Amino acid sequence: AVVSTQSTGEIVEAGDPSCPVRIGSNVTVHCVGSLTSGMKKFWSTKDPGQQPFTFRAGVGQVIAGWDEGCMTMCKGERAKISMSGDKGYGPNGFQAWGIPPNAGLTFELTIIDIKHEQ
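Residues numbered from 1 in each chain as written. Predicted model: local features only at pLDDT ≥ 70, side-chain atom pairs only at ≥ 80, totals over all residues. Heavy atoms only, no water.

Here we look at the confidence of the model for the protein
Here the protein shows a mean pLDDT of 91. Residues at 70 or above account for 94%. Within the protein, no element has a lower average pLDDT than strand S1 (residues 7-13), which sits at 86, and none a higher one than strand S2 (residues 26-35), at 97. For the stretch residues 1-5, pLDDT sits under 50, and the model shows ten contacts to residues farther than four places along the chain or on other chains. (pLDDT = per-residue confidence, 0-100. Helix = DSSP H or I, 4+ residues; strand = E, 2+ residues; numbered from the N terminus. Contact = heavy atoms within 4.5 Å.)

In structure tokens, the structure reads:
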């Protein structure tokens, strides 16, 4: 499914359509992040010492490509989301993780849990 002209998502494993991500949902994911060029991994929540990552969806707490990609997902779904640099870390990159300026990124996200605001 095409999310925008700069982000694309590909479902790897379907989730539960009765539990979709909504704006403001607290979403917990397992994630593997790689540079699209060369697919060099820069982060994984499954690496030793790491843990699943939780964020509020659709409110700008994470990079734009994640917000856009997650809004099409549901609980239990695993998807590969690719984005251009402007939907990732932009002109500054993220040097602490070795992400150069305007780098294209690919994330494999698995939605572990979704908690909707009451």
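Resuming the write-up.
Side note on the environment of isoleucine 111
In this structure, isoleucine 111 sits in strand S6 (residues 105-115). Residue isoleucine 111 is classed as buried on the basis of its relative accessible area of 1%. Here the alpha-carbon distance between isoleucine 111 and lysine 40, two residues 71 residues apart in the chain, equals 22 Å. (Buried < 20%, exposed > 50% of the residue type's maximum accessible area, 1.4 Å probe, protein only.)

What to know about the side chain of threonine 106
Mapped onto the elements, threonine 106 comes out in strand S6. With relative accessibility at 6%, the residue threonine 106 sits in the buried group. Here threonine 36 takes part through its side chain, which lies 3.0 Å from a polar atom of the side chain of threonine 106. A polar atom in the side chain of threonine 106 sits 3.2 Å from the side chain of serine 82. Ignoring anything within four residues of it in the chain, the contact list for threonine 106 reads Val32, Gly33, Ser34, Thr36, Met39, Lys80, Ile81 and Ser82. (Polar contact = N/O pair within 3.5 Å; in protein donor to acceptor, adjacent residues only side chain to side chain.)

Quick notes on the packing of aromatic side chains
Within this structure, the stated rule accounts for eleven aromatic pairs. On the numbers, 5.6 Å between centres and 80° between planes, the contact of phenylalanine 53 with tryptophan 66 is edge-to-face. Residue phenylalanine 53 is found in strand S4 (residues 53-56), and its partner tryptophan 66 is found in helix H1 (residues 64-70); the two are separated by 13 residues along the sequence. What makes tryptophan 66 buried here is its relative accessible area of 3%. (Phe/Tyr/Trp six-rings, centres within 6.5 Å; stacked < 30°, edge-to-face > 60°.)

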